[in-house]
Structures are given as C-alpha cells and as structure tokens.
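Chains, contacts and geometry: an overview
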Amino acid sequence: MGAGGRTSVPPSNRKSESDTIKRVPFEKPPFTLSQIKKAIPPHCFKRSVLRSFSYVVYDLTIAFCLYYVATHYFHHLPRPLSLLAWPLYWAVQGCILTGVWVIAHECGHHAFSDYQLLDDIVGLLLHSFLLVPYFSWKYSHRRHHSNTGSLERDEVFVPKQKSSMKWYSKYLNNPPGRVITLAITLTLGWPLYLAFNVSGRPYERFACHYDPYGPIYSDRERLQIYISDAGVLAVCYGLFHLAMANGLAWVLCVYGVPLLVVNGFLVLITYLQHTHPALPHYNSSEWDWLRGALATVDRDYGILNKVFHNITDTHVAHHLFSTMPHYHAMEATKAIKPILGDYYRLDQTPFIKAMWREAKECIYVEPDQSTENKGVFWYNNKL
C-alpha cells in the first residue's frame, strides 16, 4: 500500500539512515518568512473553487463506487473471495475517505476557496460525515499551527519530558510494549484526543472537543462548537437508523471499519509529521513561531501521497503557509527547499518502518547536557 518510496526517486539519491536522523539546525534561521514566501510563485497562493470542488467530487465518486460494488456484488462472491474482498474494501475505502478528511482539513485552514462561509459549510459536511466535530477541531488545530514545537502551548502530540514519564513507561519500552502502544494509538488515539485531550496540551481543567465551555475555546467560538456537535449527532442518528434497517454488522462493514482506517491514518500521519529524532522542541525561553513551524518533517507514503492530497510530503510548506491549497503545495515545496537548506527535512523511510523507529527512539524529550541551549529539547529513549 505504498509503504515504499516513490519509484521516481532512484535509490542512489536517497539519504542514508544517518543523514535522515541527523539533527536539523535549531538556531534562529538566517532567512525570514517573507523571504521564503518570495521564493514561491504567486499563483501557488491562489484558491480555485472549481478545482477544489473537483477533488471533492473525485473522492466522493470513488467512495460511492466502492460502496456500490461492496453492497451489490460482494454477497455474490464465493466465500473465500468474499473474505478477501471485504478487507480490501476496508483498506481502499479508508484511504479514499482519508483524502476526504484532508479536504475538510483544507476548509478548516481557509485553503479551499476565497469564501470563508463556503469553506466552513463544506468542511462541516465532510468532517461531520466522518464523525469529526469540524469547528471544534478547526480552532484547536489553528492553535497547533500557532504554537508548533512549543512544549508549553502546542496542542497535539506534545512530547513528555523525562521527569514526567509514568512509572510503567519502562515496561512498555520493548517490542511487545511498542506493539501494544501503537495498536492503542492507531485505533483509539483520535477519539481519545477528541473526547479526553489525550496527547494534547495540558489545561488547568478537563478539556474536551465536544464541550463548548471547555478551556480549549473562547467565548466567541462556543456557538460553533454546538454546531459541530449537532453535525456529529446528526450523522450518528443516521447511522442508528441504518443499523436498525440493515443491521449493525452492515454498518460496521460498510462504514465503521473504513472509519477506523481513516482515524488510524490521521493519527499516524500527524504523529510522523511531528515526531522524528532530528526535530527539536522548544520551551518558552527558546521558542519562536518560525523555528516551531520548521520543526516538522515531510514523509513519503508512496502512491498514498496522491490519495492523501500530498498532506504527507508537503507538510513543512503547509505549516509555513497553511492557507495555500494542497494542489499547489508540491510546487511550493520545491521552490522553498533552496531557501530552507538544512532546515528542511524529508524522510523517505517507508512509513511502517518509520513508525516503528519513532516509537522506539522518540520516547521523551530533554535538553542536551553538553550544550548551553537548555531551552532546546531532543528526543531520547533511555529510561
């Protein structure tokens, strides 16, 4: 499923493992955001309603065709083939719906069109269909972009410092423990984050994406949190009636398992974008927005890069210019590489291998004892 690198990249051009995990510079960069922006062709910042909607139609058409084939033809297959057909459907449909999730993510960044209301309507419909509270996530995700790499203020996959590691962590720092941790993270990580802020920024009281009066949101955002909740509840109501009409097993096979795949990929993509041995994190004494935005990594998911609308391999550019539409991000990434130099990191390690490596190497963060930069933190795994 595209775990390998792109076929267009000759193996000889790939970086070695040591080059891949070599630390990126953590000093203030010798360039500014405006200099980076000037290197990008101006048309890359232009948003097209028609082009953006073409991706919605494309993805939803494929999703519907997969649904139609599964529900109209799979039951005619002999049993051995039907047992193979359903897992194939789950995997492919999950990947396609991950692409739909990414388009809704574009809407949350106002990268879909020039019209904020249109972006919010499309994003609300698409994310609600995938049981995501659109506005709730939109606002917490915006704060993630505003505070990337900050140990105090980032919103998601905030690494723990060694002093705050739980007593049982050392018992999970082994192959069986990593399998258990990854399995729980990929299957339950997304709903646990939404409902209980697991892996998110610590707040002074209980934080939940479904709570309009939670500490994540300001007073002016609370009404839209109610709208997000209503969207999710409406889809749940529809799923309930589908289960009553067709059976719970039908809903799980057609919708539930592909949604698990979507949630798993969402967590994996985000985890690998912000967890890497080469990336620094900063406390308040060192953090600034540009260094934080550069503390992320582009990944290679093979053919899935296109299926996921290149959210995987253009993430650095996305953090620098989040209102840029995804269909210009590859061109923009190519344009900014010469400016960023060593501050840019692309890791073409197959994503399954990278997931295992990061789960093994990136347990907590701590500053280097041998340097004077005590506000710069790096991943370590020695418990």
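Computed from a prediction, not measured in an experiment: that's the story for all the values here.

On to the overall build of the protein chain. For the protein chain, the count of helices and strands is 15 helices and 5 strands. In terms of C-alpha radius of gyration, the protein chain reaches 21 Å, essentially the compact-globule figure of 21 Å for 383 residues. Expressed along its principal axes, the backbone C-alpha trace of the protein chain runs to roughly 65 × 50 × 50 Å. Across the 383 residues that make up the protein chain, the buried fraction comes to 51%. Considering only contacts in the protein chain between residues 6 or more positions apart, those separated by 24 or more positions represent 72%. In the structure as shown, the protein chain presents an accessible area of about 18,300 Å², 66% of it carried by carbon and sulfur atoms. Within the protein chain, one finds 36 positive and 29 negative side-chain charges whose respective centroids are separated by 3 Å.

For any two helices packed against each other, one specifies the inter-axial angle together with the distance between the axes. Running from N to C, helix α8 (residues 175-196) and helix α10 (residues 248-274) cross one another at 95°; their axes reach a closest spacing of 8 Å. One way to sum up the angle between α8 and α10 is to call them roughly perpendicular. Facing α8, whose interface residues are Thr185, Leu186, Thr187, Gly189 and Trp190, α10 presents Leu260, Asn263, Gly264, Leu266, Val267 and Leu268. Among the residues making up the contact of α8 with α10, the classes are represented as 6 nonpolar, 5 polar and no charged.

Here the focus is the packing of helix α5 (residues 116-129) against helix α6 (residues 134-146). The interhelical angle for the contact between α5 and α6, taken along N-to-C directions, is 115°, at an axis separation of 9 Å. Between α5 and α6, the interaxial angle falls into the category roughly perpendicular. Every residue of α6 that contacts α5 at Gln116, Asp119, Asp120, Gly123, Leu124 and His127 is listed here: Tyr134, Phe135, Trp137 and Lys138. When grouped by side-chain class, the residues that make up the contact of α5 with α6 number 4 nonpolar, 3 polar and 3 charged.

Of note, His110 is a non-glycine position whose phi angle comes to about 60°, a positive value. Owing to a relative accessible area of 19%, His110 belongs among the buried residues under this scheme. Even without being a glycine, His309 presents a positive backbone phi close to 55°. By the element assignment, His309 lies in the loop between α12 (304-307) and α13 (315-320).

Using the criterion set out here, one finds 12 salt bridges in the structure. Lys138 serves as the salt-bridge partner of Asp120, at 3.0 Å between the closest nitrogen and oxygen. With Asp120 in helix α5 and Lys138 in helix α6, this residue pair connects regions lying 18 residues apart in the sequence. You can call Asp120 buried: its relative accessible area is 10%. The shortest N-O distance in the salt bridge between Asp347 and Arg357 comes to 2.6 Å. Linking Asp347 in strand β3 (residues 346-347) with Arg357 in helix α15 (residues 351-361), this pair joins segments that are 10 residues apart in sequence. One network of salt bridges, with partners in common, ties together Arg299, Asp347, Arg357 and Glu358.

Criteria and thresholds
Residues numbered from 1 in each chain as written. Predicted model: local features only at pLDDT ≥ 70, side-chain atom pairs only at ≥ 80, totals over all residues. Heavy atoms only, no water. Helix = DSSP H or I, 4+ residues; strand = E, 2+ residues; numbered from the N terminus. Rg over C-alpha atoms; globule rule 2.2 N^0.38 Å. Buried < 20%, exposed > 50% of the residue type's maximum accessible area, 1.4 Å probe, protein only. Contact = heavy atoms within 4.5 Å. Areas by Shrake-Rupley, 256 points an atom, 1.4 Å probe, with all protein chains shown as cover. Lys, Arg positive; Asp, Glu negative; His and termini not counted. Charge placed at Lys NZ, Arg CZ, Asp CG, Glu CD. Axes fitted to C-alpha atoms, helices over the stretch in contact; angles between N-to-C directions. Parallel < 35°, antiparallel > 145°, perpendicular 65-115°, else oblique. Nonpolar A, V, L, I, M, F, W, Y, C, P; charged D, E, K, R; others polar. Salt bridge = Lys/Arg side-chain N within 4 Å of Asp/Glu carboxyl O.

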